[in-house]
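Observations on the three-dimensional arrangement
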Amino acid sequence: AAAGRACGCCAAAWLFNPLPMAVSSRGNAEALVALLVLTTLYLVEGGHIGKAAVCYGLAVHMKIYPLTYALPIALHLQSKRGGREGAVGAGCDRKTKFTFVGYLWQLFVKIQNRNTLLFGAVSGSVLASLTVGWFYHLYGWEFLEHAYLYHLSRRDIRHNFSPYFYMLYLTAESKWSFALGLTAFLPQLLLLLIVSVAFYRDLVFCCFLHTAIFVSFNKVCTSQYFVWYLCLLPLVMPSIKMSWRRALLLLVLWFVGQGLWLTFAYFLEFKGYNTFILTWLAGLLFLFINSLIIVQIISHYHQEAQVAKKLKQQ
Amino acid sequence: CVTLDVQAACQDATVTQELLKEGFHRDLLVKVELGAVEEDAGGCAVAIQTHLPPGMYVDPYELASLQQQNLTKVVVIPDVVDVEAPEYLAKDLLVLLYLEPDPQCARCFRAALPVHVRYHRPAEESEEALVVLKSPEVLLCCCANRLSAECWKPAEVEAPCSGQNVGPCQWYSIMHKPAYEELILQVPVGLRQHSSLVCVMTLLATVLCSSLILAAACKYGDFS
């Protein structure tokens, strides 16, 4: 009965959440992508690799961001077969570069197993057949341009939640623009890699962290992106042992961060005041608040494996 | 002397434009009052043609939805608009706005067009950039009306001109276009002198935040 109630609570956190409601009614089909992502994760956990791959291919076709889940899914699939055949690496205690690189190499080798290759092949062919076989056939070059190529050459320097927006706007025509754009990728990439390797055993938690980091450190960030990780929050909530007060405080902080940014952006966009500096600072604060929330979620994450590790260390 | 009189008589069509609201999203309100001379213009459709500078744009999807609700009727050339481009990468737009009769006075027509302002280049010192909107041109779409040839001349317009009459329909524009004041719009821009500070602080902030998350992942992550 308690489990049923917990399920209901978690489902309500998504179904009655005003943010996804507002975003979905604006004409974005984020709820559809959320459904496909959740189905993929559910099928991977259940061991139905083929069906999961089909859903995954469909999800990536609809929105490109689930492509980042490829690494956690690949790592998770290799961990499910055969368990821990020989401990890999020595963890973060010995921070020598050589050991960590060796650990990564061993993981890379282990990823290439039957399940992962099957997953990759099926999702790749679903994506390819949808793209080339169907949509390119229907819409031609226009489809490829708007679905994929547009993202490569897109330069949106207008104000948004991202901490990089003002930097990119001011340097848009300077010679540093390309280099700065690339530099902005590095923290995102590094964090996604480390988080994948650290938490792949709990696939849903890993994907949640993945998307939260991806969205917070992205060069463009708007409200609709929040829905991408909010749909996974009900699934990770049971694993996070945090006091109500702390959770409420973090939630309030998140809304305060957004509210502050929205206030300055409102004065800029709808009243014509020059609040660029204030909006940018609010963006930096929002990044800090998001990072704080992610750190709190990581530090209060309790799974059986975590508890076992702590007992082993004691 | 006769020519002058005719010119004076034809200049009775007055055009006023004003920008409502503030910020990056405005409403361009255009009012046209046809002079007493243009009595033959009854039954003609009145429209204005305006060149939007690269600093402004109209959203074709917004206009299409307004058109569905019968609130505005607009033709945009070209009909594909890049709504994200900054001012220095954007092109001029030619907009033809059909006016509705204004109940406030006889021979008065008006319409409102929602316009949006683009991001402009960051400036060295001034915190605002200026967008100049020239006065629009009045066009009449008349079918089998006889308009005074001294006042109106046929015009080539890339928009449909048709009416209920079976007769041929034709666009006309004013022969002697008077000079009206331009509308000047102020738009906030970033300050170039902030560049170094903004770059350094943004990168420091992202490094700090990513270090926090990295530290947490290393401490609580399972690397066994």
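Here the structure is a predicted model, which means the values were calculated and not measured. (Residues numbered from 1 in each chain as written. Chains lettered and ligands numbered in written order. Predicted model: local features only at pLDDT ≥ 70, side-chain atom pairs only at ≥ 80, totals over all residues. Heavy atoms only, no water.)

Thoughts on the packing of helix α5 (residues 70-80) of chain A against helix α7 (residues 114-139) of chain A
Residue and element names in this part refer to chain A. One way to put it is that α5 packs onto α7 with a least axis distance of 8 Å and a crossing angle of 145°. Here α5 and α7 pass one another in a crossing that is right-handed. When α5 is examined against α7, the residues Ile73, Ala74 and Leu77 are found in contact with a partner set consisting of Asn115, Thr116 and Phe119. Across the contact of α5 with α7, the residue classes break down as 4 nonpolar, 2 polar and no charged. (Axes fitted to C-alpha atoms, helices over the stretch in contact; angles between N-to-C directions. Helix = DSSP H or I, 4+ residues; strand = E, 2+ residues; numbered from the N terminus. Left-handed = near helix turned anticlockwise from the far one by under 90°. Contact = heavy atoms within 4.5 Å. Nonpolar A, V, L, I, M, F, W, Y, C, P; charged D, E, K, R; others polar.)

A word on the state of the cysteines
Enumeration according to the criterion identifies 1 disulfide over all chains in this entry. A sulfur-sulfur separation of 1.7 Å characterises the disulfide bridge that pairs B:Cys105 with B:Cys108. Judged by the sign of its S-S torsion, about -95°, the cystine formed by B:Cys105 and B:Cys108 is left-handed. With no disulfide of its own, A:Cys55 lies closest to A:Cys231 among cysteine sulfurs, the gap being 14 Å. For A:Cys55, a relative accessible area of 14% corresponds to the buried category. This cysteine, A:Cys207, is not joined by any disulfide, and A:Cys206 carries the nearest cysteine sulfur, 5.8 Å off. (Disulfide = S-S within 2.5 Å. Buried < 20%, exposed > 50% of the residue type's maximum accessible area, 1.4 Å probe, protein only.)

Section: α7(A)
Residues and elements named next belong to chain A. Taking 1.5 Å per residue, 26 residues should reach 38 Å; α7 reaches 36 Å between its end C-alpha atoms and fits that length. Of all bends in α7, the biggest is about 25°, found at Ser129. For α7, the set of buried residues is Asn115, Thr116, Phe119, Ser123, Val126, Leu130 and Thr131. Taking the backbone nitrogen of Asn115 as reference, a side-chain oxygen 2.9 Å away marks Asn113 as the first, capping residue of α7. (Expected span 1.5 Å × (residues − 1). Bend = angle between axes of the 7 residues up to and from the residue. Polar contact = N/O pair within 3.5 Å; in protein donor to acceptor, adjacent residues only side chain to side chain.)

Details of the sheet that holds strand β3 (residues 45-52) of chain B
All names here are of chain B. Across the sheet, 6 strands lie side by side as β5-β6-β3-β10-β12-β11; this open sheet has antiparallel pairing. Each edge of the sheet is formed by a strand with only one pairing partner; in this case those strands are β5 (74-77) and β11 (152-154). Shown here is a sheet whose adjacent strand axes are inclined to one another by a mean of 30°, direction ignored. With 5 bridges joining them, β3 and strand β10 (residues 137-143) adopt antiparallel strand pairing. Across the sheet, residue Ala45 finds its bridge partner in β10, namely Cys141. (Pairing = 2+ DSSP bridges.)

Re the UniProt feature "transmembrane region" (unreviewed entry) in chain A
Per the UniProt entry, the sites bearing "transmembrane region" (unreviewed entry) are residues 117-136, 176-194, 199-217, 247-268 and 280-301 of chain A in this numbering. Secondary structure across residues 247-268 of chain A comprises 100% helix and 0% strand; the distance between its end C-alpha atoms is 32 Å. (UniProt positions renumbered as here; feature names shortened; annotations may be inferred.)

Description of the UniProt feature "transmembrane region" (unreviewed entry) in chain B
The positions that UniProt labels "transmembrane region" (unreviewed entry) are, in the present scheme, residues 195-218 of chain B. Between the C-alpha atoms that bound residues 195-218 of chain B there is a distance of 34 Å. The span itself is 100% helix and 0% strand.

A few points about the interface of chain A and chain B
Each partner contributes to the interface: chain A provides 56 residues, whereas chain B provides 44 residues. Together chain A and chain B conceal approximately 4600 Å² of surface at their shared face, both sides included; 67% is due to carbon and sulfur atoms. Considering only the surface of chain A that becomes buried against chain B, A:Tyr169, A:Leu170 and A:Glu173 emerge as the three largest contributors, covering 13% of it. Here chain A and chain B share 4 salt bridges between them. With its nearest N and O atoms 2.6 Å apart, the salt bridge here joins B:Arg121 to A:Glu173. (Buried area = accessible area lost by both parts, 1.4 Å probe. Salt bridge = Lys/Arg side-chain N within 4 Å of Asp/Glu carboxyl O.)

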